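# Commentary on secondary and tertiary structure
Here is what each chain is made of, one letter per residue.
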Amino acid sequence: MGKRLIVAFGLWAIGGPLGLHHIYLGRDSHALLLMLTLGGFGMAWMWDFWKIPGLVSQINKQSKKAEKMKEGTPSASSFRFLVQVTTGIYFGLVAAIGLSSLTSYYVVALPLAVGLGVHLVATVGEQTSNLKNTLVAAFLTSPIFYGRAVSMIPISLAASITSQQHRQYRRQRKDENLSLRLYRIGLAYLAFTGPLSYSALINTSRTVSYVAGCIGSLLDWLSFFPSLSAIVERILLLPYRVWGLFTGGGFHDHYFKEWEKIYEFVSSFQNEKEEMACKILGVSSDATIDEISRHYRDLAKMWHPDHNRHRLREAEKHFIEIQTAYETLTHLWKMKNRG
């Protein structure tokens, strides 16, 4: 039976973030991915609006004739790889919130969660990958970064690279009963959200503290890339600021006050980073861009490695700190003086 465009758009409108339109089109992996990421953090849901006509047309063409399995290897996609890495990190963070109390968290729960997140993206569309090899890469990488808050980043990178190396076209499958498909998706959704919900509701303070610590480690790791760090900070603060526009302030309920601490932490991290950058360059927080540039040039000339061969390692360390501080302050200055 052919798929109707108006039905697909209707399901997109009423349940797009839950992937209802993808379930209707038989794209269960894509539907589950949207469910677990709140519609691809809203972006994938909006993007699907433009893709639905093409998807419906493609599904209807396939239903009219038996499609043979495509030969060869699918072309590599940098976008799919980026989504794999991001989703793997996201799954790892969720595992950290819900399963970090387990003694086997770093060697079992974390690599399993990251590997499954990476593989889920690999199975979207007409492609798939080798789950076994992807999980092996995640499990082999995990012990190397044992105990580190940002360990999900290298694990996700290793699993995504392995998944891309073993990409292949999906084999044709017979149409399955809708109830069976929904049952499978429901089990996967409960397995993902169950531990997270329990931890968030029962052990809220510990969960908030752990999430703040993970975010702090991530922002520390990104501190050498000020522009990227600033983008991540704005994304993290966006939900709180949007909520403030509608409510006129922060969270008023006592339960949500705990979660407000995360946004306060990110804001304080920005302030501490600005204070440290000012201290390194020797300028005040209200310095002009000319003063910042002048202090930067003087310090960069003083600590340039070419001028400090006798203390090369120390000079390289200071030179990197000076460059990072300059990028941080110039970026913040532009943000304050925008418009």
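This structure is a prediction, so every number in the text was calculated from the model and none was measured.

## What to know about the UniProt feature "transmembrane region" (unreviewed entry) in the protein
When the UniProt feature table is mapped to this numbering, "transmembrane region" (unreviewed entry) covers residues 6-24, 31-47, 79-99, 106-124, 144-161, 182-202 and 208-232. Secondary structure content for residues 144-161 is 56% helix and 0% strand, and the end C-alpha separation is 17 Å.

## A few points about the pattern of salt bridges
Under the criterion given, the structure shown has 2 salt bridges. R181 is the salt-bridge partner of D28, the closest N and O atoms lying 2.6 Å from each other. With D28 in helix α3 (residues 28-36) and R181 in helix α10 (residues 178-202), this pair connects stretches of sequence that are 153 residues apart. A salt bridge links D306 to R309, with the shortest nitrogen-to-oxygen separation between them at 3.3 Å. R309 gets classed as exposed once you look at its relative accessible area, which sits at 60%.

## Regarding the packing of aromatic side chains
Taken as a whole and assessed by the stated rule, the structure comprises 10 aromatic pairs. Ring geometry for W12 versus F49: centroids 5.2 Å apart, planes at 50°, classification tilted. Highlighted residues: W12 in helix α1 (residues 5-15) and F49 in helix α5 (residues 43-64), separated in sequence by 37 residues. Owing to a relative accessible area of 12%, W12 belongs among the buried residues under this scheme. By relative accessible area, F49 is classed as partly exposed at 33%. Members of the aromatic cluster, joined through ring pairs, are F9, W12, W45, F49 and W50.

## Observations concerning empty space enclosed by the protein
Under the criterion given, the structure shown has 1 cavity of 30 Å³ or more. There is about 40 Å³ of room inside the largest cavity. Along its surface, the largest cavity is lined by R80, Q84, A122, Q127, T128, S129, S163, Q164 and R167. Contributing elements (two or more residues each) for the lining of the largest cavity: α6 (78-99), β1 (127-128) and α9 (152-165). Partitioning the lining of the largest cavity into residue classes produces 1 nonpolar, 6 polar and 2 charged.

## Observations concerning the side chain of S142
With respect to the helices, strands and loops of the structure, S142 is situated in the loop between α8 (131-141) and α9. Reaching out from S142, the side chain makes a polar contact with the backbone oxygen of Y106 at a distance of 2.2 Å. When neighbours within four sequence positions are excluded, S142 is seen to be in contact with Y106, V107, P111 and I155.

## Here's the deal with α8
The α-helix advances 3.6 residues per turn, and as a result positions three or four apart in sequence lie on the same side. Among all positions in α8, only T134, L135, A137, A138 and T141 are buried. Buried residues of α8, viewed axially, fall in a sector of 155°; they line one side. Among the exposed residues of α8, those pointing more than 90 degrees away from its buried face are K132 and L140. Against the buried residues of α8 lie α7 (105-122) and α9. Capping of α8 at its N-terminal end is provided by N130; its side-chain oxygen lies 3.0 Å from the backbone amide nitrogen of K132.

Calculation criteria
For every chain, the first residue of its written sequence is number 1, and the numbers climb from 1 along that sequence. Thresholds applied to this predicted model are a pLDDT of at least 70 for local features of residues and 80 or more for the giving and counting of side-chain atom pairs; totals over whole chains, interfaces and linings are not thresholded and use all residues. Excluding hydrogens and water, the side-chain values take into account all heavy atoms of the structure. UniProt positions are given in the numbering used here, feature names are shortened, and annotations may be inferred rather than shown by experiment. The way it works is that DSSP assigns letters per residue, a run of H or I at least four long becomes a helix, a run of E at least two long becomes a strand, and they are numbered from the N terminus. By definition here, a salt bridge exists when the distance from a side-chain nitrogen of Lys or Arg to a carboxyl oxygen of Asp or Glu is within 4 Å. Exposure classes here rest on a 1.4 Å probe applied to the protein chains alone. A residue is buried below 20% of its type maximum, exposed above 50%, and partly exposed in between. Two rings from Phe, Tyr or Trp (for Trp, the six-membered ring) form a pair when their centres sit within 6.5 Å of each other. Planes less than 30 degrees apart are called stacked, planes more than 60 degrees apart edge-to-face, and all others tilted. Using protein atoms alone on a 1 Å grid, points that fit a 1.4 Å probe yet trap it form a cavity, whereas open point sets bounded by protein on both sides within 12 Å along at least five of seven lines form a pocket; residues with an atom within 4 Å of a point count as lining. Grid points are joined across faces, edges and corners, and a volume is the space filled by probe spheres set on the points. The classification used treats Ala, Val, Leu, Ile, Met, Phe, Trp, Tyr, Cys and Pro as nonpolar, Asp, Glu, Lys and Arg as charged, and all other residues, Gly among them, as polar. In protein, a polar contact means a hydrogen-donor-capable atom and an acceptor-capable atom, both N or O and within 3.5 Å, with residues adjacent in sequence counting only if both atoms are side-chain atoms; elsewhere, any N or O pair within 3.5 Å suffices. Only heavy atoms enter the contact rule, under which two residues are in contact if any of them lie within 4.5 Å. As used here, the arc belongs to the directions running from the helix axis to the C-beta atoms.

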